[in-house]
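Remarks on the overall topology
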Amino acid sequence: VINQEFIDNIPCQVIMIDHHTPIKIKKAKYYNPQLNNKNAPTAYIAYQITNNYMWIAAIGCIFDHYIPDFLKEIKKQYPKLMDKMSRDQGHIKFNTELGKLVTILTFNIKGKKKEVEESLKNLEKIEDPMEMLEKTSKAGEQILKRYEKLNKDYQKLIEKAKKEEEEDK
């Protein structure tokens, strides 16, 4: 929650994109679909405002369990991201390269501050999602490398949890 005093002390234009319970705030351009009895994630709203980086918006939407209306366009522009057209969020998240990108980015923005900052610098250099999946750029290679390291640790935790569940029945 951002309070008015915080906004009042910012010396430039403030743009707020939110999809939680609406708040009243002055001196800010405030975008929230709930003001129109709708709901959409911030990635979708940002894409609607900027009409740029559709693939990033798609990743954010799938992360937020939302199927965007531009999914067919994503499939057309990046056919390797989805094996078939689906509006099943679970299928997309767990069985497609688009879903893998969700996990890659999620893992890359967690951890030690220095590592996260490095990941964010690399993410800013990415122009095409395939750079990460196919390691076609140095930045993409670094992002995938960090994901693979963290995923290895994550998979160990999953296996440990499964083993403990079996033992406990």
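This write-up is about the structure you can find in this document. This one's a predicted model, so the numbers in the text were calculated from it and none came from an experiment.

So, on to the overall build of the protein chain. Looking only at helices and strands, one finds 9 helices and 2 strands in the protein chain. Listed N to C, the secondary structure of the protein chain is α-β-β-α-α-α-α-α-α-α-α in terms of helices and strands. Principal-axis analysis of the C-alpha atoms gives the protein chain an extent of 55 × 40 × 40 Å. The buried share of the protein chain, taken over its 169 residues, is 37%. In the protein chain, once contacts between residues fewer than 6 apart in sequence are set aside, the share between residues at least 24 apart is 34%. Working note: accessible area of the protein chain is about 11500 Å², and carbon and sulfur atoms make up 52% of it. Separation of charge centres in the protein chain, based on 30 positive and 26 negative side chains, amounts to 2 Å.

This part covers the packing of helix H3 (residues 54-63) against helix H6 (residues 97-108). Running from N to C, H3 and H6 point in directions that differ by 85 degrees, and their axes come no closer than 9 Å. Between H3 and H6, the angle is such that the two are roughly perpendicular. Contact with H3, carried on its side by Ala58, Ile59, Ile62 and Phe63, involves Leu98, Leu101, Val102, Leu105 and Thr106 of H6 and no other residues of that element. Residues that form the contact of H3 with H6 fall into these classes: 8 nonpolar, 1 polar and no charged.

Together, Ile15, Ile17, Tyr31 and Ile49 make up a nonpolar patch on the protein surface, roughly 330 Å² of accessible area in all. Within the element layout of this structure, Tyr31 appears in strand S2 (residues 29-31).

Our next topic: the side chain of His91. Mapped onto the fold, His91 is located in helix H5 (residues 89-95). The residues contacting His91, other than those within four sequence positions of it, are Asp83, Lys84, Ser86 and Thr96.

What follows covers unusual backbone geometry. Trans is the common state for peptide bonds, and a negative phi is the common state for residues other than glycine. Of note in this structure, Tyr53 is not a glycine but carries a positive phi near 55 degrees. By the element assignment, Tyr53 lies in the loop between helix H2 (42-50) and H3. Phi at Lys135 is positive, roughly 50 degrees, even though this residue is not glycine.

About the criteria used
- Residues numbered from 1 in each chain as written.
- Predicted model: local features only at pLDDT ≥ 70, side-chain atom pairs only at ≥ 80, totals over all residues.
- Heavy atoms only, no water.
- Helix = DSSP H or I, 4+ residues; strand = E, 2+ residues; numbered from the N terminus.
- Buried < 20%, exposed > 50% of the residue type's maximum accessible area, 1.4 Å probe, protein only.
- Contact = heavy atoms within 4.5 Å.
- Areas by Shrake-Rupley, 256 points an atom, 1.4 Å probe, with all protein chains shown as cover.
- Lys, Arg positive; Asp, Glu negative; His and termini not counted.
- Charge placed at Lys NZ, Arg CZ, Asp CG, Glu CD.
- Axes fitted to C-alpha atoms, helices over the stretch in contact; angles between N-to-C directions.
- Parallel < 35°, antiparallel > 145°, perpendicular 65-115°, else oblique.
- Nonpolar A, V, L, I, M, F, W, Y, C, P; charged D, E, K, R; others polar.
- Patch = residues over 30% accessible without salt bridge, like charges linked within 9 Å, V, L, I, M, F, W, Y side chains within 5 Å.
- Salt bridge = Lys/Arg side-chain N within 4 Å of Asp/Glu carboxyl O.

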